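Commentary on secondary and tertiary structure
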Amino acid sequence: MRPAPIAVALDAPDLETAAHWASLVTPHVSTVKIGLELYLRYGPEVIASIRGASGVQVFLDLKLHDIPNTVEGAARAVARLRPAILTVHAGGGPAMISAAVEALPATQIAAVTVLTSLSEADLERVGIAGPSEDAVRRMSAMAVGAGAQALVCSPREVATVRAEVGPDITLITPGIRPAGAESQDQARIATPEQALADGADLLVIGRPITGAADPGAAAAGIAAALRRTLADSDRAV
Ligand code: C5P
């Protein structure tokens, strides 16, 4: 059976826990996400430990944001790790995004639009006036124009972004909570089925899987629900 379009966020305090979670979920999901905390604590070796022999896709969530030359160098520095996806901040601008795309031709560069942790008041304070949805739409169009093949946005914005960028761009959404799950600190949430129906391609899910008593069973359950949604809508994964 094909693994479901889920990126499990391995937000673990230590490498052993992250590798254990990865081994439990990789039969069921396409991707695991390694973020700044694990990467900065353990370095590039973390990728080999997590990937193991499984062949699971690695989403390296480093959210790069610097001048184009520096981001190009950073992207080249992770090329040997063969991440399937690498994030950069769309706010770094088109030249920076293009530099990452050119430096890593075998990796999908995913541009993070507006961080979901920013309120509209915060956005105004950093100089982005108007509704956040407009900013997300503008940044999405800019990032895709610069060559980004993927975008990260909240489930609340995914339908708008899909309408803006068309069918060929991979849309990645965090803030996913199965019906009945705790929302924890996520404000803009959607169920996995709703996010897919709205046009998401890859769902980032952390604590609903890694915080479960049996992360493998939790991943399998969500994967099965997604397969039913995809079968109903005839969408290929
Ligand atoms: O545990 P949970 O499902 O909330 O994990 C979501 C993951 O997605 C975390 O790794 C978090 O850092 C990441 N993320 C997010 N919101 C964003 C961007 C990334 O929650 N806007």
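Described in the following lines is the structure provided in the data block.

Focus: the site of the ligand
Taken together, 13 residues lie around the ligand, and D11, T116, Q186, G206 and R207 are the ones closest in. G206 has a polar backbone atom sitting 2.8 Å from an oxygen atom of the ligand. When the ligand sits alone it has 460 Å² of accessible area, and the protein chains cover 82% of it. Using a 2 Å cut-off from the grid points, one finds that the ligand occupies the largest pocket. Those elements that place two or more of their residues in the shell around the ligand are β8 (202–205) and α10 (207–210). Residue composition of the shell around the ligand, grouped by class: five nonpolar, three polar and five charged.

Structural notes on the environment of P167
Position of P167 among the secondary structure elements: in the loop between α8 (158–165) and β7 (170–173). The sequence separation of P167 and G199 amounts to 32 residues, and the corresponding C-alpha distance is 8.7 Å.

As for the nonpolar core
Counting residues in each nonpolar core, the largest one holds 65 residues, and the members touching the most others are I6, L10, I50, L60 and L86. Not counting the four nearest positions on each side in its chain, I50 is found in contact with L10, L15, A18, A19, A22, V32 and I34.

A short note on the pairing of strand β5 (residues 108–112)
Burial within β5 is extensive, with four of its five residues counted as buried. For strand β4 (residues 85–89) and β5, the ladder comprises five bridges, and the chain directions are parallel. Within β5, the residue paired with V88 across the bridge is A111. Taken together, β4, helix α5 (residues 94–103) and β5 form a β-α-β motif whose crossover is right-handed. Two strands pair when backbone bridges link them, and β5 and strand β6 (residues 150–152) are joined in this way by three bridges, in the parallel orientation. Its bridge partner lying in β6, A110 is registered against A150.

Overview of the pattern of salt bridges
One side chain can pair with another of opposite charge once the charged atoms of both are near each other. Under the definition given, this model contains six salt bridges. Across the pair K33 and D61 runs a salt bridge whose closest N-O atoms are separated by 2.7 Å. Placement of K33 in strand β2 (residues 29–35) and of D61 in strand β3 (residues 57–64) is noted, with a sequence separation of 28 residues between them. The pair formed by K33 and D61 is uniform in burial state, with each residue classed as buried. Linking E72 and R76 is a salt bridge whose minimum nitrogen-to-oxygen distance equals 2.6 Å. Taken together, the residues span about one helical turn, with E72 and R76 both in helix α4 (residues 68–78) at a distance of four residues.

Basis of the calculations
- Residues numbered from 1 in each chain as written.
- Predicted model: local features only at pLDDT ≥ 70, side-chain atom pairs only at ≥ 80, totals over all residues.
- Heavy atoms only, no water.
- Near = heavy atom within 4 Å.
- Polar contact = N/O pair within 3.5 Å; in protein donor to acceptor, adjacent residues only side chain to side chain.
- Areas by Shrake-Rupley, 256 points an atom, 1.4 Å probe, with all protein chains shown as cover.
- 1 Å grid on protein atoms, 1.4 Å probe; cavity = no way out; pocket = protein on both sides within 12 Å on 5 of 7 lines; lining within 4 Å.
- Sits in = over half its atoms within 2 Å of the grid points.
- Helix = DSSP H or I, 4+ residues; strand = E, 2+ residues; numbered from the N terminus.
- Nonpolar A, V, L, I, M, F, W, Y, C, P; charged D, E, K, R; others polar.
- Core = buried A, V, L, I, M, F, W, Y, C linked by side-chain atoms within 4.5 Å.
- Buried < 20%, exposed > 50% of the residue type's maximum accessible area, 1.4 Å probe, protein only.
- Contact = heavy atoms within 4.5 Å.
- Pairing = 2+ DSSP bridges.
- Right-handed = clockwise from strand over helix to strand, strands pointing away.
- Salt bridge = Lys/Arg side-chain N within 4 Å of Asp/Glu carboxyl O.

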